[in-house]
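Residue-level structure breakdown
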Amino acid sequence: MIPIQRLIGYALLAFMFAAPALAEEVKAGDLVITQAWSRATPGGAKVAGGYLTIENKGSAPDRLIGGSADVADKVQVHEMATNNGVMTMRPLEKGLTIEPGKTVKLAPGGYHLMLFDLKSPLKQGDKVPVTLEFEKAGKVKLSLDVQGVGAQGPAAAGSAGGHMDMKKMPGMKM
Ligand SMILES: [Cu+2]
């Protein structure tokens with residue numbers, strides 16, 4: 001017989017060892033950024049999406065206005081939306097506002113970072129360094145955890161987010 005306390009101990013240990021992949025938390029001023037991830041880009045794709053969660057713990061709004069990455073020529077903040085039944089995406093010219101006390105999630109099918117003209121493909125398991133630029137918090141360095149091609153969330157087993165895949169959107173305009 002194994003005492004129940006020991007079983008609970010094992011479960012906690014297992015949880016603690018499973019968690020670090022998602023544990024990266026980047027603080028910049030009043031902002032806390034977590035769950036930064038991307039998807040593998042097989043077949044010579046030249047663009048990739050970047051996804052992350054930004055929490056504003058301060059008392060004033062901040063704005064994500066852009067970014068850069070060594071692996072890409074250009075990084076933009078994009079919004080995806082459906083207009084007359086057609087999926088479109090566009091750069092957010094004025095950036096993405098994160099209101100005080102709010103959490104904004106960049107995820108497939110919604111807001112995202114767009115990495116253009118990749119110099120090398122993103123591979124599952126890679127950590128891609130990216131610098132984000134905020135109006136108030138300034139430049140923030142973090143890395144995107146690259147997941148599998150069809151991933152919808154930051155974890156391999158993640159089922160968060162919708163069921164949309166960029167490549168499956170016939171009406172999508174760049
Ligand atoms: Cu985009």
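This is a predicted model, so every value here is computed, not measured.

As a further point, take the coordination of the copper ion. For the copper ion, every protein donor is listed as His 78 (ND1), Met 89 (SD), His 112 (NE2) and Met 114 (SD), and the spread of their distances is 2.1 to 2.3 Å. The site at the copper ion holds 4 donor atoms, and with the angles between them running 95 to 122 degrees, its shape is tetrahedral. When the donor residues of the copper ion are listed from N- to C-terminus, their spacing reads H-x10-M-x22-H-x1-M. With Met 89 in strand E6 (residues 86–91) and His 112 in strand E9 (residues 112–118), this pair connects stretches of sequence that are 23 residues apart.

This next bit is on the packing of aromatic side chains. Under the criterion given, the structure shown has 1 aromatic pair. With a centroid separation of 4.7 Å and 40 degrees between ring planes, the pair formed by Trp 37 and Tyr 51 is classed as tilted. In this pair, Trp 37 sits in strand E2 (residues 31–39) while Tyr 51 sits in strand E3 (residues 48–56), placing the two residues 14 residues apart along the sequence. No difference in accessibility class separates Trp 37 from Tyr 51, as the two residues are buried. If you follow Lys 74 out to its NZ or CZ, it ends over the ring of Phe 116, 5.0 Å from the centre.

This next bit is on the side chain of Thr 131. When you line up the elements, Thr 131 lands in strand E10 (residues 127–134). The residues contacting Thr 131, other than those within four sequence positions of it, are Gly 66, Gly 67, Ser 68, Lys 139, Val 140 and Lys 141.

Cut-offs used in this document
Residues numbered from 1 in each chain as written. Predicted model: local features only at pLDDT ≥ 70, side-chain atom pairs only at ≥ 80, totals over all residues. Heavy atoms only, no water. Donors = N, O, S within 2.8 Å, 3.2 Å for Na, K, Ca; no water. Tetrahedral: all angles 85-135°; square planar, octahedral: opposite > 155°, others 65-115°. Helix = DSSP H or I, 4+ residues; strand = E, 2+ residues; numbered from the N terminus. Phe/Tyr/Trp six-rings, centres within 6.5 Å; stacked < 30°, edge-to-face > 60°. Buried < 20%, exposed > 50% of the residue type's maximum accessible area, 1.4 Å probe, protein only. Lys NZ or Arg CZ within 6 Å of the ring centre and 35° of its normal. Contact = heavy atoms within 4.5 Å.

Shape descriptors only; they carry no functional weight alone.
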